[in-house]
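Read off the chains here:
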Amino acid sequence: MIVLGIETSCDDTSLALYSEARGVIAQLTASQLAHDAFGGVVPELASREHMRALVPVYEALLAQSGVGADAIGGVGAANRPGLIGSLLVGVSFAKSLAYARGVPVVGVHHIEAHILSNELGGETLQYPCVVLVVSGGHTALFHVREQGGYRLVGSTRDDAAGEAFDKIAKLLGLGFPGGPAIQKAAESGDPRAVDFPRAMRERGNPDFSFSGLKTAVRLHVESRGTLDARAIHDVAASAQAAIVEVLIEKTVACARAQRVRHVYLAGGVAANGPLRAGLKEACAARGIAYHAPLLEYCTDNGAMIAHTAHVHLSRGRDDGLDLDVRAREPLGPWGE
Ligand code: KG4
Ligand code: ZN
């Protein structure tokens with residue numbers, strides 16, 4: 001079965017076609033530039049941009065892949081959590097298409113899709129495992145005992161890791177999204193230049209907090225007045241080290257506490273080079289197998305939605321035309 005996946009939960013309109021036999025057949029993403037002037041995503045603008053982009057992206061995807069509309073056997077759309085207006089655009093389109101073509105439609109939990117993006121390289125997830133989900137909206141550790149058995153073990157008390165990258169990049173004038181900009185600036189900086197705080201480090205605490213780090217960076221920048229390029233690179237490297245160290249330490253501690261032999265990364269921040277390299281090394285030192293999604297499937301993408309929808313459609317699920325959207329919802333067993 002060829003499945004169309006639709007991701008519109010934030011500021012990317014990303015559509016993909018997936019089948020079990022062929023994997024990701026094609027993917028097309030329109031990223032929104034309309035938010036650049038505001039230094040963050042403006043929800044109302046995001047919904048309008050999705051409405052503008054959706055049909056052209058869908059048509060271009062079919063043309064590029066050579067797959068006819070009548071070959072689509074099911075549709076999946078991210079329906080929770082996310083910006084409510086943005087989700088609504090993708091879900092309405094998915095339901096219309098499913099109705100018109102007489103095929104099933106399922107709503108996909110965005111976080112489950114990030115977790116299962118680890119399978120887009122061709123390997124299935126190995127259980128039991130611990131997954132660190134790090135994105136612009138989420139920082140969470142899941143213990144997954146078997147397929148679909150998601151159990152939240154720890155999460156952030158305030159900012160998400162990606163949000164911390166974005167806000168610190170803004171303070172340093174490095175642009176948006178902040179993660180890739182900080183990573184790049186950090187390459188020529190000294191990670192030991194500034195000793196930024198690492199919060200909630202006590203043993204056995206699986207939760208995270210990044211708002212104190214953001215404040216510490218702001219106070220540091222304010223106390224220095226203007227920073228030259230070298231100082232900016234040093235602050236970027238030091239802040240990145242503070243975030244990455246805590247993520248690695250807590251993920252490894254969680255894997256040990258849950259006695260699992262497999263650790264997975266997921267979400268936009270999983271694209272971060274030092275996080276990937278550092279977690280890989282920390283896992284190897286403890287005999288834990290480390291896994292991460294291919295770089296192109298870390299940030300929001302239609303392929304992860306199409307693949308996760310395929311998993312649910314294959315189990316016979318059809319949410320029908322009652323499918324609705326939700327701005328917030330914890331990830332429960334089977335993404336339900
Ligand atoms: O998963 P995602 O695309 O959207 C959400 O579901 O939130 O994640 C976006 C986040 C942004 O905060 C962005 O700055 C961060 O992922 N990000 C990175 C990198 N690439 C993207 N953070 C650190 N290093 C990167 N290379
Ligand atoms: Zn995401």
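All values derive from a computational prediction rather than experimental measurement. (Residues numbered from 1 in each chain as written. Chains lettered and ligands numbered in written order. Predicted model: local features only at pLDDT ≥ 70, side-chain atom pairs only at ≥ 80, totals over all residues. Heavy atoms only, no water.)

Q: Looking at this structure, I do not really get the pattern of salt bridges. What am I missing?
A: Oppositely charged side chains are able to pair whenever their charged atoms sit close together. Tallying each qualifying case throughout the model produces 15 salt bridges. Between Arg 317 and Asp 319 there is a salt bridge; the shortest N-O distance is 2.9 Å. Linked through salt bridges whose partners overlap, the residues forming this network are Asp 195, Arg 198, Arg 201, Glu 245 and Glu 249. (Salt bridge = Lys/Arg side-chain N within 4 Å of Asp/Glu carboxyl O.)

Q: Just checking my understanding: could you explain the domain arrangement of the protein chain for this structure?
A: The figure often quoted for interface size is the accessible area lost as the parts come together. Domain boundaries assigned for the protein chain yield domain 1 (2-115 + 297-322) and domain 2 (125-292). If you average the C-alpha positions of domain 1 and of domain 2, the two centres end up 27 Å apart. Each partner contributes residues to the interface: domain 1 has 13 residues there, and domain 2 has 15 residues. Summed over both sides, the interface of domain 1 with domain 2 buries roughly 1,200 Å², with 74% coming from carbon and sulfur. In terms of surface lost to domain 2, no three residues of domain 1 exceed Ile 111, Ile 115 and Cys 298, which account for 49% of the buried area on that side. For the pair domain 1 and domain 2, the number of links is zero salt bridges. Put simply, domain 1 and domain 2 have two residue pairs in polar contact (both at pLDDT 80 or more) between them. (Domains from an automatic or database assignment. Contact = heavy atoms within 4.5 Å. Buried area = accessible area lost by both parts, 1.4 Å probe. Polar contact = N/O pair within 3.5 Å; in protein donor to acceptor, adjacent residues only side chain to side chain.)

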